Amino acid sequence: MTEHSVGVAPSYEALRLGRGGTVVAPPRHDVFRLPALSTSVAEARRHVVRRLRSWGIDQDTRDSAELIVSELFTNAVRHTSSEEVRCSLQLIGTRLRLEVADQGCARTVPEARSVTADQEGGRGLMLVEALSEAWGVRPNQGGAGRAVWAYLAT
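Residues numbered from 1 in each chain as written. Predicted model: local features only at pLDDT ≥ 70, side-chain atom pairs only at ≥ 80, totals over all residues. Heavy atoms only, no water.

Per an unreviewed UniProt entry, the recorded name for the protein chain is ATP-binding protein, and the organism is Streptomyces niphimycinicus.

This is the structure:
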């Protein structure tokens with residue numbers, strides 16, 4: 001009997017098959033870096049929307065991801081002394097993980113806070129919290145800065 005005839009996938013097929021021979025979607029991951037400038041926020045949004053569209057992600061999830069990345073990228077530009085900001089998108093099963101990392105020097109830890117109706121800013125992380133299944137902050141790899149992440153259902 002050949003390897004294929006006894007129900008074992010040939011080696012070239014094994015990586016894309018899950019348990020029971022079901023097809024597993026290939027991992028989808030994208031990382032990009034942009035200068036820490038306010039003009040880069042729009043480019044980050046465009047990049048995220050293009051990538052998620054190419055992955056077949058639905059419109060509602062793309063809209064939420066676009067808003068989350070916009071808020072997190074803006075915070076990294078405004079509240080740190082970074083030269084560049086790194087953005088990561090990763091599709092993990094039916095969840096989309098977004099992460100925006102800066103190079104540090106922020107005075108405070110990012111957190112959602114209450115604001116009054118007449119305050120101009122301060123709602124970004126409240127939006128992130130409302131749109132995501134979960135979100136948080138971790139130290140950036142390499143020691144300098146932090147990364148803010150969020151998960152969305154797809």
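All right, on to the overall build of the protein chain then. Within the protein chain one finds four helices and five strands. Across the 154 residues that make up the protein chain, the buried fraction comes to 37%. Within the protein chain, contacts between residues separated by at least 24 positions form 57% of all contacts whose residues are at least 6 apart in sequence. Accessible surface computed for the protein chain: about 9,400 Å², of which carbon and sulfur atoms make up 51%. (Helix = DSSP H or I, 4+ residues; strand = E, 2+ residues; numbered from the N terminus. Buried < 20%, exposed > 50% of the residue type's maximum accessible area, 1.4 Å probe, protein only. Contact = heavy atoms within 4.5 Å. Areas by Shrake-Rupley, 256 points an atom, 1.4 Å probe, with all protein chains shown as cover.)

What follows is about a nonpolar patch on the surface. A surface patch of nonpolar side chains, amounting to about 200 Å² of accessible area, comprises Leu67, Leu127 and Leu131. Mapped onto the elements, leucine 127 comes out in helix 4 (residues 124-131). On the basis of relative accessibility, which here comes to 35%, the residue leucine 127 falls in the partly exposed class. (Patch = residues over 30% accessible without salt bridge, like charges linked within 9 Å, V, L, I, M, F, W, Y side chains within 5 Å. Salt bridge = Lys/Arg side-chain N within 4 Å of Asp/Glu carboxyl O.)

Here the focus is the side chain of threonine 61. In this structure, threonine 61 sits in helix 3 (residues 59-79). Judged by relative accessible area, which is 7%, threonine 61 ranks as buried. Not counting residues up to four positions away in its chain, the partners in contact with threonine 61 are Leu96, Leu152, Ala153 and Thr154.

This paragraph deals with the packing of helix 2 (residues 40-54) against helix 3. Relative orientation and spacing of two packed helices are given, respectively, by the angle between their axes and the distance between those axes. Two numbers describe how helix 2 lies on helix 3: the axes approach to 9 Å, and their chain directions differ by 150°. The orientation of helix 2 with respect to helix 3, classified from their angle, is roughly antiparallel. For the crossing formed where helix 2 meets helix 3, the hand is right-handed. Across from Ser40, Val41, Ala44, Arg45, Val48, Val49, Leu52 and Arg53 in helix 2, the residues of helix 3 making contact are Arg62, Ala65, Glu66, Val69, Ser70, Phe73 and Thr74. (Axes fitted to C-alpha atoms, helices over the stretch in contact; angles between N-to-C directions. Parallel < 35°, antiparallel > 145°, perpendicular 65-115°, else oblique. Left-handed = near helix turned anticlockwise from the far one by under 90°.)

The next subject is the packing of helix 3 against helix 4. Direction vectors running N to C along helix 3 and helix 4 enclose 150°, while the axes themselves pass 9 Å from each other. Where helix 3 crosses over helix 4, the handedness of that crossing is left-handed. The residues of helix 4 that touch helix 3, namely those facing Ser64, Leu67, Ile68, Glu71, Leu72 and Asn75, are Gly124, Leu125, Leu127, Val128 and Leu131.

This paragraph deals with the side chain of threonine 74. In this fold, threonine 74 is placed in helix 3. Residue classification places threonine 74 among the buried positions, given a relative accessible area of 17%. At 2.7 Å, the side chain of threonine 74 and the backbone oxygen of serine 70 are in polar contact. (Polar contact = N/O pair within 3.5 Å; in protein donor to acceptor, adjacent residues only side chain to side chain.)

As summarised here, the arrangement of the five strands in space is 1-2-3-5-4, forming an open sheet in which the pairing is antiparallel. Where the open sheet ends on each side, the last strands, each with one partner, are strand 1 (28-35) and strand 4 (134-139). Mean inter-strand twist for the sheet, computed between neighbouring axes without regard to direction, equals 15°. Bridge analysis of strand 1 against strand 2 (residues 84-92) gives eight bridges, and the strand direction is antiparallel. Its bridge partner being in strand 2, proline 35 is matched across the sheet by glutamate 84. Strand contacts of helix 2: strand 1, strand 2 and strand 3 (95-101), with the helix running at about 165° to strand 1, the strand carrying the most contacts. (Pairing = 2+ DSSP bridges.)

Another point: the nonpolar core. By size, the foremost hydrophobic cluster in this structure holds 29 residues, and its most contacted members are Val48, Phe73, Leu96 and Leu98. Elements represented by at least two residues in this core include exactly strand 1, helix 2, helix 3, strand 2, strand 3, helix 4 and strand 5 (146-153). Among the elements that line this core, the one with the most residues is helix 3, at seven residues. Excluding residues within four positions of it along the chain, valine 48 makes contact with Phe32, Ala65, Glu66, Val69, Cys87 and Leu89. (Core = buried A, V, L, I, M, F, W, Y, C linked by side-chain atoms within 4.5 Å.)

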